[in-house]
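What follows is each chain in one-letter form.
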Amino acid sequence: MSAFVGIDLGTTNSVVARRNEYGRPEVVPNRDGAPITPSVIYFGTDPPSVGQEAKEYARLGDDQIASFFKPQMGNPLFSLRFGGKDYGATELSALVLARLKADAEAAMGEEVDRAVITVPAYFADAQRKATIEAGRLAGLEVMGIINEPTAAALAYGLQNAGADETVLIYDLGGGTFDVTVARITAEEITVRATAGDHDLGGKNWDDRIATLLAERFAAETGFDPLDEPVALNEVLVRSEQAKWQLSERSSTRVTLQLGTERRSYELTREEFEGMTFPLMDRTRKLTEEALEEAGLRWKDLTGVLLVGGSTRMPMVRRFVTEMSGQQPRAGVNVDEVVALGAVIRAAMLVGEQPEDARPRFTLAGATSPRFTLPGPSRISDVMSHSLGTVAVSPDGSAYVNDVVVRRNVAIPARGTRSYRLATHGGRNDRMEVYLTQGESAAPLDCTILGKYVFTGIEATDAEVDVDVSLSYDQDGVVQVSGMQRDTGHRLAMHVEPVPDDLSWLGRPPEGGAVEGEPAPITLFLLIDVSSSMAGEPLAEAQEAARAFLDRCDFTHTEVGLISFSDQVELQSDATDNARRLIAAINRLDADGTTNLTDAIALARSHLTELDRTRYIVLLTDGYPDSADSAVEEADAAKREGVEIVAIGTGEADLDYLRRLSSTEEGSIFARRGELVQTFGHIARVIAEGGRALRLT
Ligand code: AMP
């Protein structure tokens, strides 16, 4: 006899659920009797150990450890080498799934051969396909995949049968954040909108503590743990433990024993909440984005569900209560609810088989009693990314992202675009289509899903029309097909690797020849830390600076950091060590007036004579002390070939920014809440050679 389960394949922890003999979903304990299995693998044993045992080895600083690989699902460039063998994120996930399957079989006393696996709603196509493949490699038939928040809504809907609610599901896990707005009725769960960030989770909270501790340790002992992987691991482990402690009490003590040095630090919850405020604020922005997409306001919500281990932090509960004006729903186990939803989904899929005439939700299997689950029996889900193609803009001046299936429409969803092809008397019988996933009009700001090549196009005319259809299936997986309009023939199609160099997508369609290696860049970030920046403006500027670094290609870029108030300080010389820069950014404090002149002069002195492309990217929130002399200093830098980008916020004046910057496009005013996006954009433009700013 064989059975199905629901699996929450988490970044940090995984959970399996089944339907018990009474038909109710419940979590299946692993071989240690625990409901949760850490998604961690240790390669020092044969076969590799998975779960708590592996996590213990990681704690001891052993480096034959794979953890936190879920965000890398679908990334062909990610690979770890253990015992002479390379493992991608899919293979690593398959090892975790195989262990979950074996443990579930031991607990259930029967073979487990099918599963519904959950994914973050924010997972794009490649990540979904990789999840399905991981299941297959682990010997599971993947009946379907379901978005984690939707699974949570399903489990909640079951607990509250007969509900008619509009709920917000706020899911903050170890590595991802998803927020979903769903309507739950007795019959159906309808996801109205979803948004999220696949790079925002408990790990970012740990990182903030870790950089603070590392800095204090470095200042006191001269040994910087950031420079040494084993020490860094130790600091990260201690930081996560400190974070857990701060969920329970208002302060904690962290002891670091690194080499011969031992130091102990006090950390209060208040400090911790202060330094991680920008992370909380980012979840607010994404939550508001989801509400806006759903066409709803806070007051339209009847409940808020918290999901994911990181929602145990008191600041999350408080923040969500403040935002929504209501207490989050109690009685939902944040760790288990997703797996429970997954097995309910599996039961629905079994019940939905057309040849199966029994009512929905009945348990398949001859010896078990049949029970009907109450709760919704249909799901209407959405995808958080739009799906489109790279097209040439109507005026022929640029490549653009042509959205074909908009995000947040019910899936399955489908759209078609028509393209005209010159057949050249039969010499041209193929057409290439680049698929995008994302919202931005600029293709390079989207994920390029693949290069789809249609062949066998018949030369029935000098030009023929090809209809390309894109769709999301029920699992959110992308399907593509093409048809020649006049013949009605479906075209053969294959997928080719996306070329490494896509920079031509940022240039005008003509003359899009591929160029050689990009020029090396040295860039100084100049951040205003005058007293008017104190509090949230500085926190946002720090977040923006970190986002900027995220987008820099450090293989050929060095970045330095200068802060300016009446004190001008070189916080970091130009370096390709992003962690060091982030530590410097986190250190910034606001006080005093604004001496921009000396800040530019200091950057200039570090940039002169360098045989590299040189930039100053400065952020200010008002006029500096001597506005004219700052412009003179900027002019001198520009004469030496330094490109200046001037970003203003708060009280800054766009006309003044224009006087500082090298070009009109290089002067930007960003309102509150827009800085992260603005800095991200500038980093991308610089990485592409500064063309959109006409800086080169
Ligand atoms: P998940 O991916 O849902 O299992 O969530 C894992 C994340 O939750 C990790 O970043 C954990 O550090 C975090 N987490 C678990 N328990 C707590 C807690 N008591 N306080 C704060 N964070 C926690």
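Above this text sits the structure in question.
Residues numbered from 1 in each chain as written. Predicted model: local features only at pLDDT ≥ 70, side-chain atom pairs only at ≥ 80, totals over all residues. Heavy atoms only, no water.

A. Quick peek at the layout of surface pockets. One number sums up the size of the second largest pocket: a volume of about 540 Å³. For the second largest pocket, the lining is made up of 21 residues, of which Gly 274, Met 275, Gln 542, Asn 586 and Leu 588 are closest to its centre. Elements with a contribution of two residues or more to the lining of the second largest pocket: helix H5 (202-221), helix H7 (269-275), helix H8 (277-294) and helix H11 (536-551). With 5 residues, the top contributor of residues to the lining of the second largest pocket is H11. (1 Å grid on protein atoms, 1.4 Å probe; cavity = no way out; pocket = protein on both sides within 12 Å on 5 of 7 lines; lining within 4 Å. Points joined across faces, edges and corners; volume = space filled by probe spheres on them. Helix = DSSP H or I, 4+ residues; strand = E, 2+ residues; numbered from the N terminus.)

B. Molecular detail of the site of the ligand. Near the ligand there are 14 residues, and of these Thr 12, Glu 240, Lys 243, Ser 247 and Gly 309 occur at the shortest range. Here an oxygen atom of the ligand sits 2.8 Å away from a polar atom, N or O, in the side chain of Lys 243. Considered on its own, the ligand offers 500 Å² of accessible surface; in the complex 87% of this is hidden by protein. Sorting elements by how many residues they give to the shell around the ligand places helix H6 (residues 229-248) first, with 4 residues. A class-by-class count of the residues in the shell around the ligand yields 2 nonpolar, 9 polar and 3 charged. (Near = heavy atom within 4 Å. Polar contact = N/O pair within 3.5 Å; in protein donor to acceptor, adjacent residues only side chain to side chain. Areas by Shrake-Rupley, 256 points an atom, 1.4 Å probe, with all protein chains shown as cover. Nonpolar A, V, L, I, M, F, W, Y, C, P; charged D, E, K, R; others polar.)

C. Structural detail: the nonpolar core. Judged by nonpolar contacts, the single largest core of 42 residues is most densely connected at Tyr 170, Val 181, Trp 205 and Val 316. Looking at which element gives the most residues to this core, the answer is H8, with 6 residues. With 35 residues, the next largest nonpolar core counts Val 116, Ala 339, Ala 346 and Ile 379 among its residues. (Core = buried A, V, L, I, M, F, W, Y, C linked by side-chain atoms within 4.5 Å. Buried < 20%, exposed > 50% of the residue type's maximum accessible area, 1.4 Å probe, protein only.)

D. Layout of the packing of aromatic side chains. Applying the stated rule across the entire model yields 11 aromatic pairs. With 4.7 Å between their ring centres and 45° between their planes, Phe 43 and Tyr 87 make a pair best called tilted. Residue Phe 43 is located in the loop between strand S5 (40-42) and strand S6 (49-50), and its partner Tyr 87 is located in strand S9 (residues 85-87); the two are separated by 44 residues in the primary sequence. Grouping residues by exposure puts Phe 43 and Tyr 87 together as buried. Between Tyr 170 and Phe 177, the aromatic rings sit 4.9 Å apart at their centres with planes inclined by 65°, giving edge-to-face as the arrangement. Judged on exposure class, the residue Tyr 170 and its partner Phe 177 are both buried. By the ring-pair criterion, three or more aromatic residues cluster together here, those being Phe 43, Phe 82 and Tyr 87. Lying across the ring of Phe 123, Lys 70 places its NZ or CZ 5.8 Å from the centre. Here Lys 203 stacks its cationic end above the ring of Phe 68, 5.2 Å away from the centre of that ring. (Phe/Tyr/Trp six-rings, centres within 6.5 Å; stacked < 30°, edge-to-face > 60°. Lys NZ or Arg CZ within 6 Å of the ring centre and 35° of its normal.)

E. Structural detail: the sheet that holds strand S25 (residues 463-472). Strand order in the open sheet made by the 3 strands is S22-S25-S26, with antiparallel pairing throughout. Each end of this open sheet is capped by a strand with a single partner; those strands are strand S22 (413-422) and strand S26 (478-484). With direction set aside, neighbouring strand axes in the sheet form an average angle of 20°. Looking at chain direction, S22 and S25 are connected through 10 bridges and run antiparallel. Pairing of Ser 418 across the sheet is with Asp 467, part of S25. (Pairing = 2+ DSSP bridges. Axes fitted to C-alpha atoms, helices over the stretch in contact; angles between N-to-C directions.)

F. Seen up close, the pattern of salt bridges. Enumeration according to the criterion identifies 49 salt bridges in this entry. The partner of Glu 273 in a salt bridge is Arg 318, and the shortest N-O contact between them spans 2.8 Å. Placement of Glu 273 in helix H7 and of Arg 318 in helix H9 (residues 314-324) is noted, with a sequence separation of 45 residues between them. Of the residues examined, Arg 318 reaches a relative accessible area of 42% and is grouped as partly exposed. Each of Glu 289, Glu 293, Arg 406, Arg 407 and Glu 439 takes part in salt bridges that share partners, so that together they form one network. (Salt bridge = Lys/Arg side-chain N within 4 Å of Asp/Glu carboxyl O.)

G. Here's a closer look at unusual backbone geometry. Cis rather than trans, the peptide bond between Asp 46 and Pro 47 has omega equal to -5°. Inspection of the secondary structure assignment puts Pro 47 in the loop between S5 and S6. A cis amide bond links Ile 411 with the next residue in sequence, Pro 412, at an omega value of 0°. With respect to the element layout, Pro 412 can be found in the loop between strand S21 (410-411) and S22. Despite not being glycine, Phe 68 shows a phi value in the positive range, around 60°. The topology assignment puts Phe 68 in the loop between strand S7 (65-67) and strand S8 (80-82). Even without being a glycine, His 424 presents a positive backbone phi close to 50°.

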